[in-house]
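# Fold and geometry: a report
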Amino acid sequence: MTTYGTNPTSSNDLAPKLEYITRGINQHKRSGLATRRPWKQMLDLGSFNFPRKLATVITRVKANTVYFQTNYTIVVLFSVFLSLIWNPFSLLILLALLGAWLFLYFLRDEPLSVFDREIDHRIVLIVMSVLTLSILFLTDAKLNIAVAIVAGATAVLSHAAVRKTEDLYQNDEETSLLNP
């Protein structure tokens, strides 16, 4: 007999519902962070060498910034976070902005839609970056933020220039074959 709308009376009735909720949360996390690449892959020491030509540097920077886009964003945001530890008001503002980043950029399942128009994720990235910088520059931590952004951007560009690009999509294919 089906009893719609009643509360479960035993833990056995509750187990399938908890499994469904947990599976939904895990699936949401995986799909929302699908563009974040594994840190182990990003920092694989065997994938680094110094390029000999400027054209190689430019090609690598373009390919790596697309492939590791979310990781690089996290690196720069973490750099800004570290610079604001001694400025609590700015840190609170950054944490609020981080919540907006998570909701609008990192944990989205589908494209952002405003007035029935889809907004490309690159536009969201640019708008959120400008908004974050604008709001944080209104605080008293302008120098800290500027230094953190320069340090984060330097780290990102250095990594993108010296990391080889030949094995980037190979790991994705292996992962998809192991986890269909």
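It should be emphasised that the depicted structure is a prediction, and the values quoted were computed from it without experimental measurement.

## A look at the overall build of the protein chain
Regarding its fold elements, the protein chain presents eight helices and two strands. Going from N to C terminus, the protein chain has its helices and strands arranged as α-α-α-α-α-β-β-α-α-α. When each of the 180 residues of the protein chain is scored for burial, the buried share is 26%. Put simply, of all contacts in the protein chain between residues at least 6 apart along the chain, 79% involve residues at least 24 apart. Approximately 12800 Å² of the protein chain is accessible, and the part contributed by carbon and sulfur atoms is 66%.

## Overview of the packing of helix α3 (residues 54-67) against helix α7 (residues 142-162)
Between α3 and α7, the least distance of the axes is 7 Å, while the angle of their chain directions is 115 degrees. In terms of orientation, α3 and α7 fall into the roughly perpendicular class. As for the relative orientation of α3 and α7, their crossing is right-handed in sense. Of the residues in α7, those touching α3 at Val57, Arg60, Val61, Asn64 and Thr65 are Leu157, His159, Ala160, Ala161 and Val162. Here the contact of α3 with α7 is built from residues that sort into six nonpolar, three polar and one charged.

## As for the nonpolar core
For soluble globular proteins, the rule of thumb is that nonpolar side chains tend to be buried together. Formed by Val80, Leu84, Leu91, Ile93, Leu94, Leu97, Leu136, Ala141, Ile145 and Ala148, the largest nonpolar core amounts to ten residues. Elements represented by at least two residues in this core include exactly α5 (88-106) and α7. Among the elements that make up this core, the one with the highest residue count is α5 (four residues). With sequence-adjacent residues up to four places away left out, Leu91 is seen in contact with Phe81, Leu84 and Ile85. The next biggest cluster of nonpolar side chains, apart from the first, holds eight residues, and it includes Phe106, Leu112, Val124 and Leu125.

## Looking at the UniProt feature "transmembrane region" (unreviewed entry) in the protein chain
When the UniProt feature table is mapped onto this chain numbering, "transmembrane region" (unreviewed entry) sits at residues 66-85, 119-139 and 145-162. Annotation note: span residues 119-139, helix share 81%, strand share 5%, distance between end C-alpha atoms 29 Å. Taken end to end, residues 145-162 comprises 100% helix and 0% strand; its first and last C-alpha atoms sit 26 Å apart.

## Considerations on helix α6 (residues 121-137)
If you check α6, its first and last C-alpha atoms are 24 Å apart, about what 17 residues at 1.5 Å a residue would give, namely 24 Å. The set of residues buried in α6 consists of Val124, Leu125, Met128, Thr132 and Leu136. All buried residues of α6 lie within an arc of 100 degrees about the axis, which places them on one face of the element. Turned more than 90 degrees from where α6 packs its buried face, Arg122 and Ile126 sit exposed. Buried positions along α6 lie against α4 (69-83), α5, β1 (112-114), β2 (117-119) and α7.

Parameters at a glance
Residues numbered from 1 in each chain as written. Predicted model: local features only at pLDDT ≥ 70, side-chain atom pairs only at ≥ 80, totals over all residues. Heavy atoms only, no water. Helix = DSSP H or I, 4+ residues; strand = E, 2+ residues; numbered from the N terminus. Buried < 20%, exposed > 50% of the residue type's maximum accessible area, 1.4 Å probe, protein only. Contact = heavy atoms within 4.5 Å. Areas by Shrake-Rupley, 256 points an atom, 1.4 Å probe, with all protein chains shown as cover. Axes fitted to C-alpha atoms, helices over the stretch in contact; angles between N-to-C directions. Parallel < 35°, antiparallel > 145°, perpendicular 65-115°, else oblique. Left-handed = near helix turned anticlockwise from the far one by under 90°. Nonpolar A, V, L, I, M, F, W, Y, C, P; charged D, E, K, R; others polar. Core = buried A, V, L, I, M, F, W, Y, C linked by side-chain atoms within 4.5 Å. UniProt positions renumbered as here; feature names shortened; annotations may be inferred. Expected span 1.5 Å × (residues − 1). Arc of directions from axis to C-beta.

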